[in-house]
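Below are the chains, spelled out letter by letter.
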Amino acid sequence: MPIEGIVFLVLMIVGGGLQVYYTWGWNQWPARWVPLIPWLVVLALMLLNGCTTREAPPPEPPPLPAPVLCAPSVGATEPEPEPDRPGESATQQDVALYLIDLHRWGWRGWRRLASVRETGATCASNAQEPTTNEPRE
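Summarised in this report is the structure supplied together with it.

For the coordinates displayed, the defined rule picks out 2 salt bridges. A salt bridge links Glu80 to Arg112; the nearest nitrogen and oxygen atoms lie 3.4 Å apart. Of the two residues, Glu80 is situated in the loop between helix H2 (37-50) and helix H3 (92-128) and Arg112 in helix H3; the sequence distance between them amounts to 32 residues. Taking the relative accessible area as the measure of exposure, Glu80 reaches 29% and is therefore partly exposed. Taken together, the salt bridges that share partners define one network made up of Glu80, Arg108 and Arg112.

Bringing the state of the cysteines into the picture now. Scanning all chains against the criterion turns up 1 disulfide. Disulfide partner of Cys70: Cys123, at an S-S distance of 2.1 Å. Since a negative S-S torsion denotes a left-handed disulfide, the Cys70-Cys123 link at about -75° is left-handed. Residue Cys70 is located in the loop between H2 and H3, and its partner Cys123 is located in helix H3; the two are separated by 53 residues in the primary sequence. By relative accessible area, Cys70 is classed as partly exposed at 34%.

So, how was this worked out
- Residues numbered from 1 in each chain as written.
- Predicted model: local features only at pLDDT ≥ 70, side-chain atom pairs only at ≥ 80, totals over all residues.
- Heavy atoms only, no water.
- Salt bridge = Lys/Arg side-chain N within 4 Å of Asp/Glu carboxyl O.
- Helix = DSSP H or I, 4+ residues; strand = E, 2+ residues; numbered from the N terminus.
- Buried < 20%, exposed > 50% of the residue type's maximum accessible area, 1.4 Å probe, protein only.
- Disulfide = S-S within 2.5 Å.

Remember that the coordinates give geometry; whether it matters functionally is a separate question.
Next comes the structure, spelled out in C-alpha cells:
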C-alpha cells in the first residue's frame, strides 16, 4: 500500500471518528448524519480507486536466436611459407623457377581465400534460413 493510502486511511479513521463523536452528541435526526456524507464520499472514492484494474504488463520480447559462428577451418587460415628467393649467383633459370613458384604460391593463397569466403557465405545463408520450429514470414 502506498504511503498516500496509509495517510488517507489514518485521516479517515481519525476524522471520521471525531465527526461521529461530535455528531452523535447532537440529538438531531437526520441532521446528525449530514456531516458524515463527505467522509462517506471520500471513503467510497478511495475504495473505488483501489479496486480499479491495472493494465497488464507488456509481453516479454521473444528470446534472441543463438549466434551462429561461421569460422573457417584451421588449415585454411594458416600462412603458407613463401618460396625461397634465389641468391645473388642465381641463373635466369633459377629466377624463372622462382617466379613460377611465386605465382603458384599466390594462386594457392587466393584460392584458399576464395574458399574461406565461400564457406562463410554458405554458413551465413544457412543461418538465415528458418528451421522447422520457427514460423515463416
